[in-house]
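Chains, contacts and geometry: an overview
Here is how the chains run, residue by residue.
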Amino acid sequence: MSDNVETTIDNQDINAHTIAVADLGSNSFHLVLARIVANDVQILLREKIKVRLAQGLDSDLVLSEEAINRGLETLAIFADTLKGFHPDHVNIIATYTLRAAVNRNDFIKRAKSILPYPIQIISGKDEARLIYSGVAHSMHFTGKRLVIDIGGGSTEFALGQQFDTLALSSRNVGCVNLSNAVFPDGKISNKRFNKALMKVEQEIQPIVERYQRIGWDICIGTSGTASALLEAATANGYCDNTLSHSALLKLKKRLLTFKHFDDIDLDGINEDRKSVIVAGLAVMLGAFEILQINELQYNDKALREGALYDMEDQLQQDDIRVRSVDSLIARMNIDTAQADRVCSTCFDILEQVKLDWPFDSITDAANILMWAAKLHEIGLHINSSAVNKHSAYIVSNADLLGFSQEEQQLLTLLIRFYRKKIKPDELDEFTLFIDRDVCRLLAIFRLAVLFNQKRQNQFLAAYTVKASKKKLTITFTDNWLQEQHLLSADLQDEKAVLDDIDIILQVR
């Protein structure tokens, strides 16, 4: 079984504050160790072992002795990792196969002598809830989302908005049990595939009306089957970062050219996936067609991460990005008073220019400025020299859950260029944000930092900011600026800097 073990360790500092979740799935068993650091989950270790438990479930729902032994051998490996853990810090959950097996108690009784922690067999809906929680805590999205998780024995459908679920369902069709039912000898044919597709659609049909009535704005796939299908479709040039209906049809056409699972020779499909990829494709294609899904994005967080967050109620927040930033701040020695001053000035300038500079492509402009203000000096603990570069490096490489890749890039850009010269050729290229809005946001942030260079409350005199298409005009009252020689000189230098990004700065 050692060939099927995958272990990833991010941090070996495992102590009393560590929590653990074991997911006894129908295809693989997973173990995740994590700890709570500044109200955030930090993954320490991941173990994944292929067990194919569902292959041992017969038509009478009796789990074979061979499958039981494979599972128990895996639990022995997990038990060695979990030595010394307090029972309150360990959550072991079992899903479809043990949920369905009539002799599941035999497995659980024998498991007790190996693993001194209770095994919780969770319902299909609770499984769907935890899967949704794992996605919601790792991906910021304010609209409705449909999450699909194709496992070995069942497929979970979770529909929700932010952290609230609106519909949960578990359907008894997965890549392993469907493969056993329709392709028992590994032979592939168009007739068999259509039979598999019919079984999938019959299983999903009862939830269609409710899910379509609620509706969704984005569809997300999690776990192994979604990942494998996206990898295969991408490797063969059928799609890029999202799995489309047309890409699934092209995969189907290619896979049906092979006569047997062993014959499958297609880029992106590894040896372990050959016996379940055809059935997995049938489940995904059936879901796409009966629910009228056009495309699906992949997210690598699911049941295990949801269970981790379930163990820590205090982690629940409306915006995962708030927790991500606050967690990063808590780990560093940051002057929060200065961050607040810069943030307040950012908001003040933004409020004054918002009508003329509406930031159409950056709908979260205020939040982006707030997070940039909070994090712009995070690199001070490395060195005060080139602090902007150190801070940008940390933010760029931090695991900021909830931020899209481009949101994190924008945050990094603001912090990288909040001081010193701006090199236009080093500015990132964005697909979500237009250059004009990025440059305007950068100008606001630079000025907010500059205005607070004295690091004193109530240092600034009253000022007004007016914006036009390419111009920013700042007016200070009562000739105050004439007495601030350093700031006055810095603002003169700033004119040349902003001119490089096509913004004319006037100071009165």
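In this report, we go over the structure that sits alongside the text. (Residues numbered from 1 in each chain as written. Predicted model: local features only at pLDDT ≥ 70, side-chain atom pairs only at ≥ 80, totals over all residues. Heavy atoms only, no water.)

**Let's talk about the state of the cysteines**
Working definition of a disulfide: a covalent bond connecting the sulfur atoms of two cysteines. As a reminder of what qualifies: In plain terms, two cysteine sulfur atoms within 2.5 Å form what is called a disulfide here. Relative accessibility decides the category of a residue: with a 1.4 Å probe and only protein chains considered, values under 20% of the type maximum give buried, values over 50% give exposed, and everything between is partly exposed.
One pass over the structure, following the stated rule, counts zero disulfides. This cysteine, C239, is not joined by any disulfide, and C219 carries the nearest cysteine sulfur, 14 Å off. Exposure remark for C239: the relative accessible area of 10% places this residue in the buried category.

**A closer look at the pattern of salt bridges**
Opposite charge on two side chains permits pairing when their charged atoms draw close. This is how it is decided: Salt bridges are defined by distance alone: a side-chain nitrogen of Lys or Arg within 4 Å of a carboxyl oxygen of Asp or Glu. Helix and strand assignments follow DSSP, with helices taken as H or I runs no shorter than four residues and strands as E runs no shorter than two, numbered in order from the N terminus.
Here the structure, examined in full by the defined rule, presents 23 salt bridges. A salt bridge links E305 to R46, with the nearest nitrogen and oxygen atoms 2.9 Å apart. With E305 in helix α10 (residues 303–310) and R46 in strand β4 (residues 41–50), this residue pair connects regions lying 259 residues apart in the sequence. When the shortest N-O distance is used, the salt bridge between R171 and E203 registers 3.7 Å. Residue R171 is found in strand β9 (residues 164–171), and its partner E203 is found in helix α6 (residues 190–214); the two are separated by 32 residues along the sequence. Taking the relative accessible area as the measure of exposure, R171 reaches 16% and is therefore buried. Assessed through its relative accessible area of 24%, E203 is described here as partly exposed. Linked by salt bridges that have partners in common, D126, R129 and D310 make up one network.

**Some words on the nonpolar core**
Let me state the cut-off plainly: Definition of nonpolar core: a set of buried residues of the types Ala, Val, Leu, Ile, Met, Phe, Trp, Tyr and Cys, connected through side-chain atoms within 4.5 Å. Any pair of residues with heavy atoms lying within 4.5 Å of one another is described as a contacting pair.
Grouped together as the largest cluster of nonpolar side chains are 70 residues, with contacts concentrated most on L411 and F445. For this core, the leading source of residues is helix α16 (residues 435–451), giving 12 residues. Each residue touching L411, except ones within four places of it in the same chain, is listed here: I368, W371, A372, L375, V395, L400 and F403. Counting 54 residues, the second-largest nonpolar core is a separate cluster that includes L178, F183, A228 and L255.

**Some details on the side chain of Q338**
You can see Q338 is positioned in helix α12 (residues 336–353). Setting aside residues up to four positions removed in sequence, Q338 forms contacts with E377, N452 and R455.

**A short note on the environment of D399**
Within the fold, D399 resides in the loop between α14 (387–397) and α15 (405–416). Each C-alpha atom of the pair D399 and L328 lies 9.0 Å from the other, and the pair is 71 residues apart in sequence.

**A closer look at the sheet that holds strand β13 (residues 463–467)**
The test is simple: The pairing criterion for strands is at least two bridges between them, as found by DSSP. Axes here refer to lines fitted to C-alpha atoms; in helices the fit is confined to the stretch in contact. Angles between the N-to-C directions go from 0 to 180 degrees.
Strand order in the open sheet formed by three strands is β13-β14-β15, and the pairing between neighbours is mixed. In this open sheet, the two edge strands, each paired with only one partner strand, are β13 and β15 (504–507). Within the sheet, the average angular offset between the axes of one strand and its neighbour, ignoring direction, is 15°. Relative to β15, strand β14 (residues 471–476) runs parallel, the two being bridged by four bridges. Note that in β15 the partner of I474 across the bridge is V507. Packing against the sheet, α12 makes contact with β13 and β14, and its axis sits at approximately 50° to β13.

**Here's the deal with the pairing of β14**
What counts here: The handedness of a crossover follows from its direction of travel: if, with the strands pointing away from the viewer, the path from the first strand over the helix to the second runs clockwise, the crossover is right-handed.
Of the pairings in the sheet, the one linking β13 to β14 comprises five bridges and is antiparallel in character. Bridging across to β14, T464 finds its partner in T475. Taken together, β13 and the strand that follows it, β14, pair antiparallel across an intervening segment of three residues. In terms of handedness, the path from β14 via helix α17 (residues 485–499) over to β15 forms a crossover that is right-handed.

**A look at the packing of helix α13 (residues 365–375) against α16**
Our working rule: Angles below 35 degrees are treated as roughly parallel, those above 145 as roughly antiparallel, those between 65 and 115 as roughly perpendicular, and all remaining angles as oblique. Throughout, a crossing is termed right-handed when the near helix is turned clockwise from the far one, and left-handed when it is turned anticlockwise from it by less than a right angle.
Remark: α13 packs on α16, axes separated minimally by 11 Å, with the N-to-C direction vectors making an angle of 40°. Looking at the two axes, α13 sits oblique to α16. Every pair of crossing elements has a handedness; the one defined by α13 and α16 is right-handed. Side by side, α13 and α16 meet where A365, I368, L369, A372 and A373 of the first sit next to L441, I444 and F445 of the second.

**Some remarks on the packing of aromatic side chains**
As a reminder of what qualifies: Each Phe, Tyr or Trp ring (for Trp, its six-membered ring) is paired with any other whose centre lies within 6.5 Å, and the angle between the two planes then decides the class: stacked below 30 degrees, edge-to-face above 60, tilted in between. Cation placement over rings: the criterion is NZ of Lys or CZ of Arg within 6 Å of the ring centroid and within 35° of the ring normal.
For the structure shown, the criterion picks out nine aromatic pairs. Ring geometry for F459 and W480: centres 5.3 Å apart, planes at 70°, overall edge-to-face. Here F459 is found in the loop between α16 and β13, whereas its partner W480 is found in the loop between β14 and α17, with 21 residues between them in sequence. On the basis of an interplanar angle of 50° and a centroid distance of 6.0 Å, the ring pair of Y463 and F476 is categorised as tilted. Of this pair, Y463 sits in strand β13 while F476 sits in strand β14; the two residues are 13 residues apart in sequence, bridging distant segments of the chain. Across this residue pair, the class does not change: Y463 and F476 are buried. Of the aromatic side chains, those joined through ring pairs into one cluster are F451, F459, Y463, F476 and W480. Here the guanidinium or amino end of R321 rests over the ring plane of F403, the centre of that ring lying 5.9 Å away.

**Points about the environment of V62**
If you trace the backbone, V62 turns up in the loop between β4 and α1 (65–81). Separated by 38 residues in sequence, V62 and A100 have C-alpha atoms that sit 8.6 Å apart. Excluding residues that lie within four positions of it along the chain, V62 makes contacts with G56, L57, V102 and N103.

**Quick look at a nonpolar patch on the surface**
Spelled out, the test is: Excluding any residue in a salt bridge, patches collect residues exceeding 30% relative accessible area, merging like charges within 9 Å and nonpolar Val, Leu, Ile, Met, Phe, Trp and Tyr side chains within 5 Å. Residue burial considers only the protein chains on display, and all accessible areas are found by Shrake-Rupley using a 1.4 Å probe.
Taken together, the side chains of L61, V62 and V102 define a hydrophobic patch exposed on the protein surface, amounting to about 220 Å² of accessible area. Along the chain, V102 falls in the loop between α2 (96–100) and α3 (104–112). Of the residues examined, V102 reaches a relative accessible area of 57% and is grouped as exposed.

**Considerations on the sheet that holds β9**
Ordered in space as β9-β8-β7-β10-β12-β11, the six strands form an open sheet in which the pairing is mixed. Two strands bound the open sheet, and with one partner strand each, they are β9 and β11 (242–244). Along the sheet, successive strands turn relative to each other by an average axial angle of 25°, direction set aside. Of the strand pairs in this sheet, strand β7 (residues 144–150) and strand β10 (residues 218–222) are connected by five bridges, and their pairing is parallel. By the bridge assignment for β10, V147 is matched with I220. The strands that helix α9 (residues 277–291) touches are β7, β8 (155–161), β11 and β12 (295–299); relative to β7, the one it contacts most, it runs at about 155°.

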